[in-house]
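The residues making up each chain are set out below.
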Amino acid sequence: MNVYAQDKILRVDNYEDAFNLIIEEFDVDMTYLPVDESRISLNDYIKITREVAEEQRELLDYIEFRQSNNFELFSPLTMSIDSVTVTKTRTKDAWGDMGTYFGIKATYNVTGTQVSYLRNSSISYKYATVTSNVSLGNISNPTYSYLDGGRTGAVKYTAEMYYDFFWSAGNVTIYTEFYYSE
């Protein structure tokens with residue numbers, strides 16, 4: 001952890017400056033959205049922003065790792081599966097703590113061990129979004145990708161996230177993966 005950046009954050013007296021220092025520290029592209037400063041202390045704001053930025057960094061690193069290590073594995077098991085195509089519609093939790101609040105639903109085809117034709121995805125809200133007052137705004141169109149030589153399909157969204165009406169950030173990533181075997 002960068003101690004110098006942490007020291008700078010402790011000396012700020014402005015929510016936007018604290019936000020910008022934290023996203024710089026974690027090297028994420030989240031964007032500042034104004035907050036009602038009467039509803040959250042600067043220390044609590046820093047704590048939540050740091051937690052979300054840290055998780056976003058872990059997620060973005062995971063996505064980059066998965067995409068850069070997208071190689072084909074061959075095994076006798078995968079070579080012998082018939083090429084019948086099955087259409088599946090599944091809902092999976094979003095990656096990390098986002099999974100507490102959101103799932104992603106998608107339809108995709110599976111032929112043998114290959115995922116293809118990801119489509120019709122949407123973000124689903126869980127009960128925790130109501131009890132914690134978590135919501136999303138300005139949700140992007142989904143981005144689809146295929147990993148593991150096509151055995152995994154991935155869906156990614158970005159959105160503005162609002163937490164209990166006192167914390168918010170833009171360009172937050174919501175992501176999950178769908179495996180051929182599910």
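See above for the structure.
Structure report, in brief. Remember, predicted model here, so these are calculated numbers, not experimental data.

Some thoughts on the sheet that holds strand β4 (residues 114-125)
Alright, step 1. Overall, antiparallel pairing links the three strands, which are arranged β2-β3-β4 in an open sheet. The sheet is open, and its two borders are formed by β2 (85-93) and β4, each paired with just one other strand. Across the sheet, the mean angle from the axis of one strand to that of its neighbour is 15°, orientation sign disregarded.
Alright, step 2. Sheet analysis places β2 next to strand β3 (residues 102-111), joined by nine bridges and oriented antiparallel. What sits directly across from threonine 85, in β3, is threonine 111.

Overview of the environment of glutamate 51
Alright, step 1. Residue placement: glutamate 51 occurs in helix α3 (residues 42-68).
Alright, step 2. In this structure the C-alpha to C-alpha distance between glutamate 51 and isoleucine 22, which are 29 residues apart in sequence, comes to 9.8 Å.

Comments concerning the nonpolar core
Alright, step 1. Formed by 43 residues in total, the largest nonpolar core has its most connected members in Met30, Tyr45, Phe102 and Trp167.
Alright, step 2. Looking at which element gives the most residues to this core, the answer is helix α2 (residues 15-26), with seven residues.
Alright, step 3. Here tyrosine 45 is in contact with Tyr15, Phe19, Tyr32, Val35, Ile40, Trp167 and Ser168, once residues within four sequence places are set aside.
Alright, step 4. Core analysis: the next-biggest nonpolar cluster, separate from the first, contains five residues, Leu59, Ile63, Leu147 and Ala154 among them.

Conventions used here
Residues numbered from 1 in each chain as written. Predicted model: local features only at pLDDT ≥ 70, side-chain atom pairs only at ≥ 80, totals over all residues. Heavy atoms only, no water. Pairing = 2+ DSSP bridges. Helix = DSSP H or I, 4+ residues; strand = E, 2+ residues; numbered from the N terminus. Axes fitted to C-alpha atoms, helices over the stretch in contact; angles between N-to-C directions. Core = buried A, V, L, I, M, F, W, Y, C linked by side-chain atoms within 4.5 Å. Buried < 20%, exposed > 50% of the residue type's maximum accessible area, 1.4 Å probe, protein only. Contact = heavy atoms within 4.5 Å.

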